[in-house]
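Listed below, chain by chain, are the residues.
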Amino acid sequence: MADKMLTSHCMSTTGVRKTFIFVGAGLHGLLLLGVAFSGCDATIAILFLTLSTATTGASAAGQLAIMIDLAPNFASK
């Protein structure tokens with residue numbers, strides 16, 4: 001999805017990375033707060049945990065690609 005946003009030129013590289021890091025880290029934290037406030041309802045707690053784990057993968061579009069920008073000569077091709 002991040003590659004599609006970059007190739008269609010709807011956002012800059014920095015904008016795409018910041019967006020995906022926010023989704024991966026910020027949403028993850030908010031959903032974990034939902035677990036804390038879910039009380040004794042196990043279904044809601046499991047739902048929040050599942051969603052928070054699913055949103056963590058979005059941060060890979062921002063964090064893992066930074067090393068290529070910082071040192072492109074040393075990044076493998």
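Scroll up a little and you will see the structure.
All values reported here derive from a predicted model rather than from experimental measurement.

1. Let's talk about a nonpolar patch on the surface
Next up, step 1: A contiguous nonpolar surface patch, about 440 Å² in accessible area, is contributed by L27, L30, L33 and F37.
Next up, step 2: Along the chain, the position of L30 falls in helix α2 (residues 13–36).

2. Examining unusual backbone geometry
Next up, step 1: Here H9, not a glycine, exhibits a phi torsion of approximately 60°, which is positive.
Next up, step 2: As for its placement among the helices and strands, H9 is situated in the loop between α1 (2–7) and α2.

3. With respect to the nonpolar core
Burial of nonpolar side chains together is a common tendency in soluble globular proteins.
Next up, step 1: Judged by nonpolar contacts, A2, M5, V16, F20 and A58 together constitute the single largest core of five residues.
Next up, step 2: Listing elements by their share of this core, those giving two or more residues are α1 and α2.
Next up, step 3: Those residues within four positions of M5 in sequence are excluded, and the remaining contacts are C10, M11, V16 and F20.

4. Considering the environment of T53
Next up, step 1: Mapped onto the fold, T53 is located in helix α3 (residues 42–56).
Next up, step 2: Taking C-alpha positions, T53 is 9.0 Å from G24, a pair spaced 29 residues apart along the chain.

5. Overview of the side chain of S52
Next up, step 1: Mapped onto the elements of the fold, S52 is located in helix α3.
Next up, step 2: For S52, a relative accessible area of 1% corresponds to the buried category.
Next up, step 3: In this view, S52 contacts H28, L31 and L32; residues no more than four positions away in its chain are not counted.

The rules behind each value
Residues numbered from 1 in each chain as written. Predicted model: local features only at pLDDT ≥ 70, side-chain atom pairs only at ≥ 80, totals over all residues. Heavy atoms only, no water. Patch = residues over 30% accessible without salt bridge, like charges linked within 9 Å, V, L, I, M, F, W, Y side chains within 5 Å. Areas by Shrake-Rupley, 256 points an atom, 1.4 Å probe, with all protein chains shown as cover. Salt bridge = Lys/Arg side-chain N within 4 Å of Asp/Glu carboxyl O. Helix = DSSP H or I, 4+ residues; strand = E, 2+ residues; numbered from the N terminus. Core = buried A, V, L, I, M, F, W, Y, C linked by side-chain atoms within 4.5 Å. Buried < 20%, exposed > 50% of the residue type's maximum accessible area, 1.4 Å probe, protein only. Contact = heavy atoms within 4.5 Å.

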